[in-house]
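So the chains spell out like this:
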Amino acid sequence: MLYFKLSGCLDYRLKFAAEVCFFMPITEMLSRNARMYPDETALIECEPSENRRREITWLEFETLSNKLANVLLARGVEKGDRVVLLMMNCLEWLPVYFGILKTGALAVPLNFRYNAEEIRKCIEVVRARVLVYGQEFQEKIDAIRNEIGYVESFIFIGEACSGRADNFFDLTAQAPAGDPGVPVCDCEEAALYFTSGTTGTPKPIILTHANLVSACITENRHHLQTHEDVFLCIPPLYHTGAKMHWFGSLIVGSRAVILRGVKPKWILKTVSEEKATIVWLLVPWAQDILEAIESGEVDLRDYHLEQWRLMHIGAQPVPASLIRRWKKYFRDQLYDTNYGLSESTGPGCVHLGVENIHKVGAIGKPGFNWEAEIVDEEGRPVPDGEVGELIVRGPGVMKGYYKNPEATGSVIKNGWLYTGDMARRDEDGFIYLVDRKKDIIVSGGENIFPVEIEDFLRAHEDVKDVAVIGMPDKRLGEVVVAVVEPKPGRELTESMIFEFCQVLPRCKRPRRVFFDRVPRNPTGKIEKPLLRKKYFGKAEAFYTEEPF
């Protein structure tokens, strides 16, 4: 039996804690909210570009989830089956997710940036029986439909369907509204999240109901959400980050606003009109808001923002200068950041804390119910100040990689999750990221894997070798840069490389191209620290600033 402290307060000067024991799947939290707050608003969708606003109550949320669960069960979905969810953020996203969980099947959210081939590969890896998708993806799904014959049911969410899928709204309108009654315990598998793109074999991770519940507890303990809070959700819900931050609101039955759009005026308008109290941003969005204020594009006096008590940032390193600028305009607002990864059920395994704003630049200390250590290649703790690999242990550590025990064993050792991030700890116990062991580029909160772009560029007939690295960028954190070594006697230009890369997603296209020899060590590995030092003056993948 696991016991957790669940804290909440309306004023950060007053804290209280209650002992709460959880022996439940996360779906029970939704059912409990529907019983306790049936007529209160649970979710709001705002789409400023269309001047559209929709909302549902907790009872409507629960009912829609039950209806979808009953539809899936009637179609033969059983415990352990996989149901893929491919949708843009919308009011139906979370009810669909919980409806899948209520059947005992595993929800498999996919990145909405995937192309048709990437979608096909992910569906093939998990052997999904059902695909639930939004109208934005109809063309991509039609393109691969004949290649995913093991998908037995296609459920379409939208107004106009190609006729080759069943309409979600028609199905749920006729379905029973009662709880499907499938017994699910907290130890059972709940969801699969893909950790990377689909070059090679994709690696979905297994999260259990206990993992998801632990994220609710950790997030609530860190940010002390109460029933009166309003959470503004902007990042994509397919990612563990956005959803697991919302979990802190789920556990206390407070409302959430799903914003479709990231323009500064839209964010501030929604905070103002919906009385949002907590907003999670990415660095580029915070940067855009500040630039809009400083350019005069927006006037803060036009908005009601006094209730906005907390702004927190995740998914990439946070420049101290950014937070200094932010506090200039939002003096009374609390600031926080969290570190996490999909394998740790999202953010929170390391946590800065609102009281530690003087340590901006650090990712923080071990989060609530978590342990963290920095170790050498033999797994031995290194002294403070020395660089090693960050490892974490806690209730959010994934069950493992789906049907991949070898990969699981390489990152989970004696209960510790090896993150692949290099870090150091200062004399006060705060952890700082130093480099990425796997050279991942984080651009605007998106993880970009250089090997995908390198393999793509090597297909160019004039390219001999290529290395992709991240270049520090004030707004996005990092952007993609390619170091290209042409074949002897061939001529290449930057514009030719740019043109060749037009088929890649925008975030994966190189912003700069350097033509140079690609250095490799005796084992054949690219020496990327040498390239970073040559072009940007630092061997580290991250750049740092002076303390806050």
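Keep in mind that what you see is a predicted model, and the values were worked out from it rather than measured.

**Comments concerning the sheet that holds strand S12 (residues 230–233)**
Within the open sheet, the nine strands sit side by side as S4-S3-S13-S12-S14-S15-S16-S17-S18. Their pairing is mixed. A single partner strand is all that each edge strand has here, and the edge strands are strand S4 (52–57) and strand S18 (365–366). Note: strand S3 (residues 41–47) against strand S13 (residues 255–259), four bridges, orientation parallel. Its bridge partner being in S13, Cys-46 is matched across the sheet by Leu-259. Across the sheet, helix H11 (residues 320–329) touches strand S14 (278–281), strand S15 (310–313) and strand S16 (334–341), and the angle it forms with S15 is around 165°.

**Details of the packing of helix H3 (residues 93–102) against helix H8 (residues 240–250)**
Running from amino to carboxyl end, H3 crosses H8 at an angle of 85°, the nearest separation of the two axes being 14 Å. By the angle between their axes, H3 is roughly perpendicular relative to H8. Contact residues: H3 offers Trp-93, Leu-94, Tyr-97 and Phe-98, while H8 offers Lys-243, Trp-246 and Leu-250. Classifying every residue of the contact of H3 with H8 gives six nonpolar, no polar and one charged.

**Details of H8**
A large share of H8 lies buried, amounting to 11 of its 11 residues. Of all the positions in H8, only Thr-240, Gly-241, Ala-242, Lys-243, Met-244, His-245, Trp-246, Phe-247, Gly-248, Ser-249 and Leu-250 are classed as buried.

**With respect to the side chain of Glu-45**
As for its placement among the helices and strands, Glu-45 is situated in strand S3. One polar contact links Glu-45 to Arg-52, side chain to side chain, over a distance of 3.0 Å. One polar contact links Glu-45 to Arg-54, side chain to side chain, over a distance of 2.6 Å. Residues contacting Glu-45, with those up to four places away along its chain left out, are Arg-52, Arg-53, Arg-54, Cys-90, Leu-91, Ile-258 and Arg-260.

**A few points about helix H4 (residues 116–126)**
One full turn of an α-helix is made of 3.6 residues, so residues set three or four places apart face in the same direction. All of the buried residues along H4 are Ala-116, Glu-118, Ile-119, Arg-120, Cys-122, Ile-123 and Val-126. Next to the buried residues of H4 lie strand S5 (82–86), strand S6 (106–109), strand S7 (130–134), helix H5 (138–144), strand S10 (189–194) and strand S11 (204–208). With a side-chain oxygen positioned 3.1 Å from the backbone nitrogen of Glu-117, the residue opening H4 is Asn-115. Positive phi shows up at Arg-127, right after H4, with a value of about 55°.

**Structural notes on the side chain of Arg-82**
Of note, Arg-82 is situated in strand S5. Within the buried set, Arg-82 has no salt-bridge partner at all; the shortest N-O distance to an opposite charge, 4.6 Å, is to Asp-81. A distance of 2.7 Å separates the side chain of Arg-82 from the backbone oxygen of Gly-80, its partner in a polar contact. Excluding its chain neighbours within four sequence positions, the residues that come into contact with Arg-82 are Leu-106, Val-108, Val-126, Arg-127, Ala-128, Arg-129, Val-130, Leu-192 and Tyr-402.

**What to know about the pairing of S10**
Side-chain positions along a regular strand alternate between the two faces of the sheet. Burial runs high along S10: five of the six residues are buried. Two elements, S10 and S11, share five bridges in a ladder whose sense is antiparallel. Following the sheet pairing, Leu-192 is matched in S11 by Ile-206.

**Points about the confidence of the model for the chain**
In this model, the chain carries a mean pLDDT of 89, and residues with pLDDT of at least 70 account for 91%. In this model residues 1–22 is a low-confidence stretch, pLDDT under 50, and it forms 55 contacts with partners more than four residues away in sequence or in other chains.

**Notes on the packing of helix H1 (residues 27–36) against helix H2 (residues 58–74)**
Closest axis-to-axis distance for the H1/H2 pair is 8 Å, and the angle between their directions is 135°. Considering the angle they form, H1 stands oblique to H2. In this structure, H1 crosses over H2, and the sense of that crossing is left-handed. Residue-level contacts link Leu-30, Ser-31, Asn-33 and Ala-34 of H1 to Trp-58, Leu-59, Phe-61, Glu-62 and Ser-65 of H2. Across the contact of H1 with H2, the residue classes tally to five nonpolar, three polar and one charged.

**Regarding the environment of Ile-412**
Considering the arrangement of structural elements, one finds Ile-412 in strand S22 (residues 412–413). Residues Ile-412 and Phe-498 lie 86 residues apart in sequence; the distance between their C-alpha atoms is 40 Å. The contact partners of Ile-412, leaving out residues within four places of it in the chain, are Val-397, Met-398 and Leu-417.

**What about the packing of aromatic side chains?**
Counted by the stated rule, this structure contains 15 aromatic pairs. Judged by centre distance (5.8 Å) and plane angle (85°), the ring pair of Phe-61 and Phe-98 falls under edge-to-face. With Phe-61 in helix H2 and Phe-98 in helix H3, this residue pair connects regions lying 37 residues apart in the sequence. Relative to Trp-246, the ring of Phe-98 has its centre 6.1 Å away and its plane inclined at 85°; by these criteria the two rings are edge-to-face. Here the residue Phe-98 occupies a position in helix H3, and Trp-246 occupies one in helix H8, the gap between them amounting to 148 residues.

**Notes on the environment of Ala-423**
Along the chain, Ala-423 turns up in strand S23 (residues 416–425). Taking relative accessible area as the criterion, Ala-423 reaches 0% and is therefore assigned buried. Among residues more than four places away in sequence, those in contact with Ala-423 are Ile-374, Glu-386, Val-387, Gly-388, Leu-390, Ile-431, Tyr-432, Leu-433 and Val-434.

**Quick notes on the pattern of salt bridges**
Summed over all chains, the structure comprises 39 salt bridges. Taking the shortest distance from any N to any O, the salt bridge between Lys-359 and Asp-428 comes out at 2.9 Å. Pair noted here: Lys-359 is in the loop between strand S17 (346–351) and S18 and Asp-428 is in the loop between S23 and strand S24 (431–436), with a separation of 69 residues, a long-range link. On the accessibility criterion, Asp-428 (41% relative accessible area) is partly exposed. Salt bridges linked by common partners bring Glu-45, Glu-47, Arg-52, Arg-54, Glu-92, Glu-136 and Arg-260 together as one network.

Calculation notes
Residues numbered from 1 in each chain as written. Predicted model: local features only at pLDDT ≥ 70, side-chain atom pairs only at ≥ 80, totals over all residues. Heavy atoms only, no water. Pairing = 2+ DSSP bridges. Helix = DSSP H or I, 4+ residues; strand = E, 2+ residues; numbered from the N terminus. Contact = heavy atoms within 4.5 Å. Axes fitted to C-alpha atoms, helices over the stretch in contact; angles between N-to-C directions. Parallel < 35°, antiparallel > 145°, perpendicular 65-115°, else oblique. Nonpolar A, V, L, I, M, F, W, Y, C, P; charged D, E, K, R; others polar. Buried < 20%, exposed > 50% of the residue type's maximum accessible area, 1.4 Å probe, protein only. Polar contact = N/O pair within 3.5 Å; in protein donor to acceptor, adjacent residues only side chain to side chain. Lys, Arg positive; Asp, Glu negative; His and termini not counted. Salt bridge = Lys/Arg side-chain N within 4 Å of Asp/Glu carboxyl O. pLDDT = per-residue confidence, 0-100. Left-handed = near helix turned anticlockwise from the far one by under 90°. Phe/Tyr/Trp six-rings, centres within 6.5 Å; stacked < 30°, edge-to-face > 60°.

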